[in-house]
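Spelled out, the chains give:
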Amino acid sequence: MLVSVLDRSVELDLRAHHKRLIRECEATYDELAPDYDRHLRDECDYRSPEHVAAELARLGASGRWLDLGAGTGLVGEALVDRGVDLCLVAIDVSAAMLAKIVCPLYAERYHADVLRHLPVERHSCDGVVAAGLMEYIIDPARFVRQVARVVASGGWFVFTFCPNNSGCVEPFDEETDLHCHDGELVERCLEDAGFRIDGREEFPAYVNGDQGWIDHRMLIARRGS
Ligand SMILES: C[S@@+](CC[C@H](N)C(=O)[O-])C[C@H]1O[C@@H](n2cnc3c(N)ncnc32)[C@H](O)[C@@H]1O
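This report concerns the structure included in the present document. (Residues numbered from 1 in each chain as written. Predicted model: local features only at pLDDT ≥ 70, side-chain atom pairs only at ≥ 80, totals over all residues. Heavy atoms only, no water.)

1. Details of helix α3 (residues 48-59)
At step 1: Look at α3: 17 Å from first C-alpha to last across 12 residues, which is about the 16 Å you get at 1.5 Å a residue.
At step 2: Among all positions of α3, only Ser 48, Pro 49, Val 52, Ala 53, Glu 55 and Leu 56 are buried. Projected onto a plane normal to the axis of α3, the buried residues spread over an arc of 160° and lie on a single side.
At step 3: Buried residues along α3 sit in contact with β1 (64-68), α4 (74-81), β4 (125-130), β5 (151-161), β9 (195-207) and β10 (213-223). (Helix = DSSP H or I, 4+ residues; strand = E, 2+ residues; numbered from the N terminus. Expected span 1.5 Å × (residues − 1). Buried < 20%, exposed > 50% of the residue type's maximum accessible area, 1.4 Å probe, protein only. Arc of directions from axis to C-beta. Contact = heavy atoms within 4.5 Å.)

As structure tokens, this is what we get:
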């Protein structure tokens, strides 16, 4: 009884924290949108979309994929560069970021919080990608359950996160509210939601001001039947 009251209070705490984070994230990215592509290229040397696109090319990805936290569509642009032809659905909490998407692979775009609602049918997607989104996710178990609800049986989930070994989710940049995640915890969340881990790759992902290079781990997970 005590445990379930505590669980409930932790969950309410997480939801309140997430709501605040999302409001701030939306405002930040709405403001950043006009300069996002230049900033990420020239000041951050951002590389994750290329790694995700290379993985999808290797998997021979096809069909309809969600791009969660799609931003301005850099993952789609990296896929075009590699000749991967997918039908992409962009979802992002910032309408201004979505409005900047010009990549023709994006057939649909939705302004939504990925933790609250994914506006597609149950198990209707061949795969899901998320590059640079996890830094804003403080409840990875809930996030992965949302993804599992929309991926078809045998479908893929390819995403990046900043790994740590602390056993939990931690802020690594208080000013911008960026979070890193324990690698084993993330993999446990995936397995609990019915995914099998098919691969991992780690690489320098972007320069975060004075902190220097931030590593991303990309996980390649497949939903069981
Ligand atoms: C670092 S950007 C990455 C954008 C793009 N995927 C890329 O690689 O360039 C993070 C994006 O995630 C979005 N985002 C953060 N939390 C979100 C949430 N809970 N639901 C939907 N979008 C979210 C932000 O608005 C922002 O566009």
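2. Some details on the state of the cysteines
At step 1: What the rule picks out here adds up to 0 disulfides.
At step 2: Looking at Cys 162, it has no disulfide partner, and the nearest cysteine sulfur is the one in Cys 180, 6.6 Å off.
At step 3: Classification of Cys 162 by relative accessible area gives buried; the value is 4%. (Disulfide = S-S within 2.5 Å.)

3. Observations concerning the packing of helix α6 (residues 140-150) against helix α7 (residues 183-192)
Two numbers describe a pair of packed helices, the interaxial angle and the distance between the axes.
At step 1: It is at 9 Å that the axes of α6 and α7 come closest, and there the two elements cross at 35°. Of the two possible hands of crossing, α6 and α7 adopt the one that is right-handed. For the pair formed by α6 and α7, the contact residues are Pro 140, Ala 141 and Val 144 on the first element and Leu 185, Cys 189 and Leu 190 on the second.
At step 2: A per-class count over the contact of α6 with α7 returns 6 nonpolar, no polar and no charged. (Axes fitted to C-alpha atoms, helices over the stretch in contact; angles between N-to-C directions. Left-handed = near helix turned anticlockwise from the far one by under 90°. Nonpolar A, V, L, I, M, F, W, Y, C, P; charged D, E, K, R; others polar.)

4. Overview of the site of the ligand
At step 1: Near the ligand you find 22 residues, and of these Tyr 36, Tyr 46, Gly 69, Asp 92 and Ala 131 are the closest.
At step 2: Contact distances for the ligand include 2.7 Å between an oxygen atom and a side-chain N or O atom of Tyr 36.
At step 3: Its free accessible area being 590 Å², the ligand has 97% of it covered by the protein chains.
At step 4: Looking at the shell around the ligand, the element that brings in the most residues is helix α1 (residues 2-32), giving 4 residues.
At step 5: Residues belonging to the shell around the ligand are distributed by class as follows: 15 nonpolar, 5 polar and 2 charged. (Near = heavy atom within 4 Å. Polar contact = N/O pair within 3.5 Å; in protein donor to acceptor, adjacent residues only side chain to side chain. Areas by Shrake-Rupley, 256 points an atom, 1.4 Å probe, with all protein chains shown as cover.)

5. Observations regarding the sheet that holds β10
At step 1: Strand order in the open sheet formed by 7 strands is β3-β2-β1-β4-β5-β10-β9, with mixed pairing between adjacent strands. The open sheet is flanked by β3 (106-111) and β9, the only strands paired with a single partner. Each strand of the sheet is rotated relative to its neighbour by a mean of 15°, with strand direction disregarded.
At step 2: Here 5 bridges tie strand β2 (residues 87-92) to β3, and the two strands are oriented parallel to one another. (Pairing = 2+ DSSP bridges.)

6. Quick notes on the side chain of Asp 92
At step 1: With respect to the helices, strands and loops of the structure, Asp 92 is situated in strand β2.
At step 2: In this structure, Asp 92 is buried with no salt-bridge partner, the nearest side chain bearing the opposite charge being Arg 109 at 11 Å.
At step 3: Reaching out from Asp 92, the side chain makes a polar contact with the backbone nitrogen of Gly 71 at a distance of 2.9 Å.
At step 4: Among the polar contacts listed, one links the side chain of Asp 92 to the backbone nitrogen of Ser 94, at a separation of 2.8 Å. (Lys, Arg positive; Asp, Glu negative; His and termini not counted. Salt bridge = Lys/Arg side-chain N within 4 Å of Asp/Glu carboxyl O.)

7. Examining the packing of α3 against α4
At step 1: Closest axis-to-axis distance for the α3/α4 pair is 8 Å, and the angle between their directions is 50°. In terms of their interaxial angle, α3 and α4 are classed as oblique. For α3 against α4, the interelement crossing comes out right-handed. Residues Pro 49, Glu 50, Val 52, Ala 53 and Leu 56 of α3 pack against Leu 74, Val 75, Ala 78 and Leu 79 of α4.
At step 2: When the residues that make up the contact of α3 with α4 are grouped by side-chain class, the tally is 8 nonpolar, no polar and 1 charged. (Parallel < 35°, antiparallel > 145°, perpendicular 65-115°, else oblique.)

That is the geometry; function is a separate question.
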